[in-house]
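Residue-level structure breakdown
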Amino acid sequence: MKVKITSSRVVKPEYGGGVAPSTGDSVPLNVFDRVTYDVHIAVIYAFRPPNPPNAALERGLARALAVYREWAGRLGDGPDGRPAVLLSDAGARLVEATVDAPLARSMPFRPSPELLRLHPSIDGPVEELAQVQLTRFACGSLVVGFTAHHHVADGQATGNFLVAWGLATRRLPVGPLPVCDRATRFQPRDPPLVEFPHRATEYHLPAKRRAAGEDGGGDDEEEEIGGAAHDKIKVHKVLFTKEFVARLKARAASSGLPPTAQRRGLRISVNGRTRMRPAVPREYFGNMVLWAFPRADAGELVSRPVQHAADLIHRAVSRVDDAYFRSFIDFASSGAVEAEGLAPTADESQVVLCPDLEVDSWLGINFYDLDFGGGCPFYFMPSYLPMEGTMFLLPSFLGDGGIEAYVSLFEGHLEEFKKICYSIA
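This one's a predicted model, so the numbers in the text were calculated from it and none came from an experiment.

Attention shifts here to the sheet that holds strand β2 (residues 26–28). The sheet built from three strands is open, its strands ordered β2-β5-β4 with antiparallel pairing. Two strands in the sheet have a free side with no partner beyond their single neighbour: β2 and β4 (74–77). On average, each strand axis in the sheet is tilted by 40° relative to the strand beside it, whichever way the strands run. Sheet topology places β2 next to strand β5 (residues 83–86); three bridges connect them, and they run antiparallel. Looking at the pairing, Pro28 lines up with Ala84 of β5.

If you want it as structure tokens, here you go:
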């Protein structure tokens, strides 16, 4: 697939003749924004023709940016010196591209480095917090690549913005409007009540400080291995049909892991919007995610029914409740992170998680609701992300109730994974 870039420019918010707000303001990143990955996340959409022209998509983007101003800003330091989104209206990046071939020749997209051609680069420093690439194929199909900085918003908030972009392109009112109160919503309690060990979950002491003798252990060897192994990681897509998922839920036992006492761990993202009391609005714009960390011995998982593993996960996720979220707010706001030099365990530089896994579920996010006027996308997927041990779960693009899993694993493990991933049925 030969992608030809035809233009690249910055799109600034369009306020429709109204008074533009001040560009000297800033919004502090709160404790949930700062604890998540410091990275751009890229997604890819495919639309069948007819599609509106690029000029209409650009105007819609400008109108949506006027509502979601943070995406048009820049990361920097606020007046108090803390990390913030500077509401500078500097704009989002818009790239136009073409492919002199029909889209059907490249479909379905494989999770490979070729996908990186379908969205603006996210390697190295990227000034813009949101970027768009519009790639037109010879058949009239449109592929939209979108990248977004995770410090600004989580998947739920990003999905809401993308839906708003579609509405603005169709000249419809953008609604419901985003709730933009990240700076004030999550205040610590007085007195604070830290009930959970956040130093060992959301935060840790960086390996370099541990190696310097500030702690008893370190992961320096793992980090070196990860750097060398990056090119040996493959991303594999698996489709689990609705019937397969039903059979899996009903199965009484499982196999596939060696009988060993090695500890296995999961890192599962948990959306706090419905877990906090009172609930946080679905339209809240920012990050509202922590993680559950179920762990078990591999031998225990092999010898017990699938329901046992499901129960472990369910209990771990259930514990990330209102009390847990408020405990985290109190800890992260206490000054301990800065005083002790702690770093988030959500580390984008860690490319190898083995023997652990990280699972990010996009099953409840409205990514498929993006509509520029020609209908919703017929295909959606994350871009190529070779981070061993990660798994993204999405609704099947077939719309049949199935689930797609994008799994990153070592190339040497790929064939074995292919053999066993359906054997549990």
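That covers the picture; the talk isn't over yet.
Before going further, it helps to examine the packing of helix α2 (residues 54–67) against helix α3 (residues 155–169). Between α2 and α3, the shortest axis-to-axis distance is 8 Å and the interhelical angle comes to 125°. Classified by the angle their axes make, α2 and α3 are oblique. Two packed elements cross with a definite hand, and for α2 against α3 that hand is right-handed. The segment α2 lies against α3, with Ala56, Leu57, Gly60, Leu61, Arg63, Ala64 and Leu65 engaging Phe161, Ala164, Trp165, Ala168 and Thr169. Taken together, the residues that form the contact of α2 with α3 break down as nine nonpolar, two polar and one charged.

Looking at the protein chain, pLDDT values average 90 and 91% of them are 70 or higher. In this model residues 216–228 is a low-confidence stretch, pLDDT under 50, and it forms 12 contacts with partners more than four residues away in sequence or in other chains.

Let us now look at α3. Taking 1.5 Å as the rise per residue, α3 with 15 residues should run 21 Å; its terminal C-alpha atoms sit 21 Å apart, in good agreement. Summarising burial for α3: 14 of the 15 residues are buried, a large majority. Sitting at the head of α3, Asp154 places a side-chain oxygen 3.4 Å from the backbone nitrogen of Gln156. Just downstream of α3, Arg171 is the residue with a positive phi angle, here 60°.

Grouped together as the largest cluster of nonpolar side chains are 63 residues, with contacts concentrated most on Tyr45, Trp71, Phe109, Val144, Phe161 and Trp165. Among the elements that line this core, the one with the most residues is α3, at six residues. Apart from the residues lying within four places of it in its own chain, the contact partners of Tyr45 are Leu142, Val143, Val144, Leu162, Phe367, Leu370, Pro377, Tyr379 and Phe380.

Turning our eyes to something else, we now look at the pairing of strand β18 (residues 403–410). The element β18 is extensively covered by neighbouring structure, given that eight of its eight residues are classed as buried. Of the strand pairs in this sheet, strand β17 (residues 390–395) and β18 are connected by five bridges, and their pairing is antiparallel. What sits directly across from Leu393, in β18, is Ala405.

Here we have six strands laid out as an open sheet, ordered β1-β6-β7-β8-β3-β16, and mixed in their pairing. Looking at which strands have only one partner, the edges of the open sheet turn out to be β1 (3–11) and β16 (379–382). Taking each pair of neighbouring strands and ignoring which way they run, the sheet shows an average axis angle of 15°. Across seven bridges, the pairing between strand β7 (residues 130–137) and strand β8 (residues 142–149) is antiparallel. Within the sheet, the bridge partner assigned to Thr135 lies in β8 and is Val143.

What the rule picks out here adds up to zero disulfides. This cysteine, Cys139, is not joined by any disulfide, and Cys376 carries the nearest cysteine sulfur, 19 Å off.

Mapped onto the secondary structure, Thr147 falls in strand β8. Beyond its immediate chain neighbours, meaning those up to four positions away, Thr147 contacts His40, Ile41, Ala42, His119, Pro120, Ile122, Leu129, Ala130 and Gln131.

Reading the values: rules and limits
Residues numbered from 1 in each chain as written. Predicted model: local features only at pLDDT ≥ 70, side-chain atom pairs only at ≥ 80, totals over all residues. Heavy atoms only, no water. Pairing = 2+ DSSP bridges. Helix = DSSP H or I, 4+ residues; strand = E, 2+ residues; numbered from the N terminus. Axes fitted to C-alpha atoms, helices over the stretch in contact; angles between N-to-C directions. Parallel < 35°, antiparallel > 145°, perpendicular 65-115°, else oblique. Left-handed = near helix turned anticlockwise from the far one by under 90°. Contact = heavy atoms within 4.5 Å. Nonpolar A, V, L, I, M, F, W, Y, C, P; charged D, E, K, R; others polar. pLDDT = per-residue confidence, 0-100. Expected span 1.5 Å × (residues − 1). Buried < 20%, exposed > 50% of the residue type's maximum accessible area, 1.4 Å probe, protein only. Polar contact = N/O pair within 3.5 Å; in protein donor to acceptor, adjacent residues only side chain to side chain. Core = buried A, V, L, I, M, F, W, Y, C linked by side-chain atoms within 4.5 Å. Disulfide = S-S within 2.5 Å.

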